[in-house]
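# Coordinate analysis (summary)
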Amino acid sequence: EYGFSIRATKQLTEAIYRQDTEYIENEEELHDIKQNIRKERASFYKEKQEKLLSEVTELGRLMINLASEKGASSWLTALPLKDFGYVLNKQQFADALALRYSF
């Protein structure tokens, strides 16, 4: 992450070193840098996930794939609105976790 930060702030850092009185950002270059950082980060985590998937059991792979789906954790971050039945007591929460993750 530190290396990504260095790359993303290179233009600003150089302007500070030059002591420019005006900072004009090259938005196209910055956009390309950010896009490359996102690709590298996604690649890193994809490789890490593949390595992990190769080391776990079939049930473990299933659990990881379920947890990796988009919106898989949305039920954990939903507002506990009593009118809509979104309030879980301690036991209901534990049961929901057990059902979701086969504990």
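Details of the structure are given in the entry above.
Reference entry: report on the structure contained in this document. Quantities reported herein were computed from a predicted structural model and do not represent experimental measurements. (Residues numbered from 1 in each chain as written. Predicted model: local features only at pLDDT ≥ 70, side-chain atom pairs only at ≥ 80, totals over all residues. Heavy atoms only, no water.)

## Some details on the overall build of the protein chain
The condition that has to hold: Where helices and strands are cited, they refer to DSSP runs of H or I of at least four residues and of E of at least two residues respectively, numbered from the N terminus. For a compact globule the rule gives 2.2 Å times the number of residues to the power 0.38, and the radius of gyration it is set against comes from C-alpha atoms. For this analysis, residues touch if any pair of their heavy atoms sits within 4.5 Å. Using a 1.4 Å probe, the Shrake-Rupley method yields the accessible areas, and only the shown protein chains count as cover for residues. Under this rule, positive means Lys or Arg and negative means Asp or Glu; His and the chain ends count for nothing. Each charge is placed at NZ for Lys, CZ for Arg, CG for Asp and CD for Glu.
Looking only at helices and strands, the protein chain has six helices and zero strands in total. For the protein chain, whose C-alpha radius of gyration is 22 Å, the value lies well above the compact-globule estimate of 13 Å for 103 residues. Within the protein chain, residue pairs in contact and separated by at least 24 positions form 39% of the contacts whose partners lie at least 6 positions apart. Accessible surface, the protein chain: about 9,000 Å² in total, of which carbon and sulfur atoms supply 57%. Charged side chains in the protein chain number 15 positive and 17 negative. The centres of these two groups are separated by 7 Å.

## Remarks on the pattern of salt bridges
Heads up, the condition is: Here, a salt bridge means any Lys or Arg side-chain nitrogen found within 4 Å of an Asp or Glu carboxyl oxygen. The buried label goes to any residue with under 20% of its type's maximum accessible area, the exposed label to any with over 50%, and the partly exposed label to all in between, with areas taken from a 1.4 Å probe on protein chains only.
This model, assessed by the stated rule, comprises six salt bridges. Across the pair E55 and K51 runs a salt bridge whose closest N-O atoms are separated by 2.9 Å. Of this pair, E55 and K51 both sit in helix α3 (residues 27–55), four residues apart, which is roughly one turn of that helix. A single burial state applies to E55 and to K51, both of which are exposed. Ionic pairing is found between R61 and E58, a salt bridge with its closest N-O pair at 3.0 Å.

## Quick notes on the environment of R61
With respect to the secondary-structure elements, R61 resides in helix α4 (residues 58–68). The exposure class of R61 is partly exposed, given its relative accessible area of 27%. Spatially, the C-alpha atoms of R61 and Q49 are 9.9 Å apart, while their sequence positions differ by twelve residues. With near-sequence residues (within four places) excluded, R61 lies in contact with L53 and V56.

## So, a nonpolar patch on the surface
Let me state the cut-off plainly: Residues enter patches when they are more than 30% accessible in relative terms and free of salt bridges; like-charged ones are connected within 9 Å and nonpolar ones (Val, Leu, Ile, Met, Phe, Trp, Tyr) within 5 Å.
On the surface, L79, L81, F84 and Y86 cluster together into a nonpolar patch covering about 470 Å² of accessible area. Secondary-structure assignment places Y86 in the loop between α5 (74–77) and α6 (90–101).

## Describing the packing of aromatic side chains
Stated formally: Aromatic contacts are taken between Phe, Tyr and Trp rings whose centres are within 6.5 Å, Trp giving its six-membered ring; a plane angle under 30 degrees counts as stacked, one over 60 as edge-to-face, and the others as tilted.
Using the criterion set out here, one finds one aromatic pair in the structure. Taking 5.0 Å as the distance between ring centres and 75° as the angle between the ring planes, the aromatic pair formed by F44 and Y45 counts as edge-to-face.

## What about unusual backbone geometry?
Positive phi outside glycine occurs at Q19, with the angle close to 55°. Here Q19 shows up in the loop between α2 (10–18) and α3.

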